[in-house]
Amino acid sequence: MLSLTNVDAAYGSFQALFGVSMRVEAGEAVAVIGANGAGKTTLLRVISGLLPASGGDMTMDGVSLRTIAPHRIVATGIAHVPESRRLFPQLSVEANLKMGAYMPAARARYAERLDYVYGLFPRLKERRGQLAGTMSGGEQQMCAIGRALMSGPKLVLLDEPSMGLAPVVVAQVFELVRRIRAEGYTVLIVEQNVQQVLKVADRAYLLEVGRIKTAGTSAELLASDDVRRAYMGL
Amino acid sequence: MDCHLDIFFLEAVLNGVLLAGLLALLALGLNLVFGVIDVVWISYAELVMVGMYGIYYAHKGGAPFLVAAVLGIVLVAVAGALMHYLVIRPVLDQPPINQLLVTGGVLFFLQAAATMAFGVEFRSIGIRLGSVNAFDMSFAWARIITFGVAIGGILALWLFLTRTYMGTAIRAISQDRQIMPLMGVDARRVYLVTSAIGGGLAGLAAALMVLQYDIYPQIGLQFGPLVFMICVLGGLGNMIGGFVAAFIISQFIAVGGSCMATEWGYAIAFLFFMVAVFIRPQGLFAAKS
Amino acid sequence: MIRISPAALVGLAALILLPWAVRFGFPGSEKYYLHVLIQILLWAFIYTGWSLMGRFGLTSLGHGAFTGIGAYATVLLWNFAGLTPWLGIPIGVAVSVVVALLVGYPCFRLRIKGHYFALMTLALTEFIRLCIVGLRDYTGGSLGTQPARAGNGISLYAVQFEPDRVLSYYVVLALWAFGLVVWLRIDRSMDRYALDAANQDEDAAASVGIDVTREKLKVTAISAALCALGGAMYGQYQMYIGPDTIAGLGVSLNIVFAVIAGGIGVLLGPTVGAVFTQLLSEGLRVAIQGSGFLKDWLGSAALALDTAIYGLLLVLFIIYMPKGILGTLLAWRDRVRAEKALRPPEAARPVPRRAA
């Protein structure tokens, strides 16, 4: 479904990604782990078009993402849930969800999508009129994921969904991830919380200073020395 | 000073309220553009002036007033979008003061172009609507209609912003610009539409002003600075704040103007503005940060 | 002390000798040419005064207030109190400085910057203009007023010199030179670095002990004083002042435009701006006089053509040449010099380009 080949990315003269290659097949849940500053968020931004790639190629179902304008990438079936949720704080929950369905294809099925998301996340329906900025972290994450689902995507990109959340809430968030996986969405999730994310994902890539250091199944990575040394203090 | 708390005072206060409708409408367009695009259109009043001339000539050319008004609205909407596209877009990555100054250039240009094209004489569209009398007070129909239409325009905008997709996108983009592409929103398109709406509101204001005031090329200098003051007072970008600020400022003008010479009403309004901003720099209401 | 380079000395000498050159080169119409030169120098002085603030990010749209106060205070005190401008001008300057500080202090304390600051200054200039018009019994309202002519128009006591253009030229030349000296003094001072730092990052500047508010107030006071002085001298030369010719938003925007066109952070930038704008309006005026077609088409609105062109040019300058004419030229020259310094000597082999 999603394929990256030798992707480079830079912020001005500072290069953040070096020849990153990876794949995500339909139905999979793939994790990208790595330390702060490794380039995980950059990777997702390059895929969703927020940052232009400076080299290599990315394709979604065979269509090259580099040739598409950033605001059209969502139409290829990719939905990005940004780091720190990034809801519109002074818009209501429902208005946020409505924005998720902005693109023409989704707009046509707005009512249907809204019912679907409310069905999946009844808490959102309860708080539909509430200003998004006044909700708790966990609820905001739920809303952000709901917003992404409104566009009817095939692939959902999740950027550090557990960041800044209390441990109890973190568990709830990963439960959400399992739920959307069960609904049939393909998931690419970037995380610092290695333990939790490797329980949810099938495969994972380890990103270090902008390069893929290791790749494999979750079990393989959990057992790998690199990962254990760096992230579990062993 | 010739000021007693009598029926003339009340008349002045009520006229102030009527004036507030128009000022609120003007402030709305400016606030919308600032809130969304983060640019101050210093030439806003000049856009209104262009609209006024457009409506005047359309009407003189035979169009019934309402048709001329609609043409005026469309004209200024296009002018707003054009101004954004040609003049503001190229400098969006420069410091905000440059964006303000660039519209200053447009101000010069429009005033001068109008002077060259239409001459400096005052023109009146010549539509007399008469006035209504109540309890020894007299109110011009033009003012009353202006107030009603202005409120109507504000309501229409509110509906647009809350009910439609584009309206929601406009509200959203000022809260988080960067993630808009993730939802399939082309920010440049939103800016153009916002500029067109800002222009359209100016055009609506032009239609209302043409009924009450004579047109001349420098007319923008009369109310332009005032509208900026109102917007800053209410919090730049805060549409409700601007609305309330309009009512406050217009009271100063109306009451001051009836007690003393017109200039003093305005001068006091400006003085009040400066003092108020020093007391609460972000405007009377917490503006968008 | 200011070190004056040989080039500057030559330039200065040339300027001092200029009236004689004009007299020699344009016999009969020297009054007109001197008038143009005087206008250039006078406005260059005012623009330089504005740029003291403008170069540090304190873009004011309100300096029309200061030129207006300077002009009107001087003229009104002369007309109604018989007070010699030798006292009237300092009073006008003092009032301007007080106003500048009154408005500046809260602005700087409250960190009002950028376009908010610009709009505040706009309010100030409008307020002053409205006061001028409101006091119409004294100021003549929108029609303006004139200082009472002393005798034949040339008087030391009344600081009037207009009929003698050569004298006027030297007065204004001295004024202009004074403005440059002030600019240089500030440029070489610690205040300049403090203000540059504050412009870049106010918090960082404050954290290294810079009293940002005080620095900004200092430069604001000087800037206002210079513009008030310039406004007063404008009145003494033109022998006519009006709320829209020496005060108000139009004047403020003119100042900003000229400095942007000339170059904002450069000593002679504002002067280049003055040359540019004055030559532009004179050139247009002459072209319109000479062209029957233009005169017919524009009639009394002919004066508006230069404003229209200003507007267009302001837009174009900001989009394509934000450093202004002189600024861009200097930057280009510096770049060429830097490239020359980096170029390897002839004998060296060219460095191979890195693989893309």
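Residues numbered from 1 in each chain as written. Chains lettered and ligands numbered in written order. Predicted model: local features only at pLDDT ≥ 70, side-chain atom pairs only at ≥ 80, totals over all residues.

Undergrad: Account for the environment of C231 of chain B, with residues named and values stated.
TA: All names here are of chain B. You can see C231 is positioned in helix α8 (residues 219-234). When the C-alpha positions of C231 and A24 are compared, they lie 9.1 Å apart, and in sequence the two are 207 residues distant. Those residues in contact with C231 that lie beyond four places of it in its chain are A27, L30, N31, L236 and G242. (Helix = DSSP H or I, 4+ residues; strand = E, 2+ residues; numbered from the N terminus. Contact = placed C-beta atoms within 7 Å.)

Undergrad: Break down the arrangement of the chains for me, with residues and values.
TA: Where two pairs of chains are in contact, the pair with the most contacts is made of chains B and C. There is a clear gap between chain A and chain C: no contact, and 11 Å between their nearest C-alpha atoms.

Undergrad: Tell me about helix α8 (residues 190-200) of chain C, and please be specific about residues and values.
TA: All names here are of chain C. Every buried residue of α8 is listed here: A194, L195 and A198. Buried residues of α8 fall within an arc of 95° about the axis and therefore sit on the same side. In this structure, the buried residues of α8 make contact with α9 (202-207) and α10 (212-238). (Buried ≥ 20, exposed ≤ 12 C-beta atoms within 10 Å, placed from the backbone. Arc of directions from axis to C-beta.)

Undergrad: How would you explain the interface of chain B and chain A if you had to name every residue and give the values?
TA: Taken together, the contact pairs 15 residues of chain B with 21 residues of chain A. Of the residues contributing to the side of chain B that touches chain A, the split by class is eight nonpolar, four polar and three charged. (Nonpolar A, V, L, I, M, F, W, Y, C, P; charged D, E, K, R; others polar.)

Undergrad: Now, about the interface of chain C and chain B: what can you tell me, with residues and values included?
TA: Counting residues at the interface gives 39 residues for chain C, matched by 41 residues for chain B. For the side of chain C that touches chain B, the leading source of residues is helix α5 (residues 114-134) of chain C, giving 15 residues. Here the residues of the side of chain C that touches chain B are counted per class, giving 31 nonpolar, seven polar and one charged.

Undergrad: Can you explain the sheet that holds strand β2 (residues 14-24) of chain A? Please cite residues and give values.
TA: All names here are of chain A. With antiparallel pairing, four strands are arranged side by side in an open sheet as β2-β1-β4-β5. Edge positions in the sheet fall to β2 and β5 (63-64), since each has one partner strand and no second. The pairing of strand β4 (residues 53-60) with β5 spans two bridges and is classified as antiparallel. Of the residues in β5, the one forming a bridge with M60 is V63. (Pairing = 2+ DSSP bridges.)

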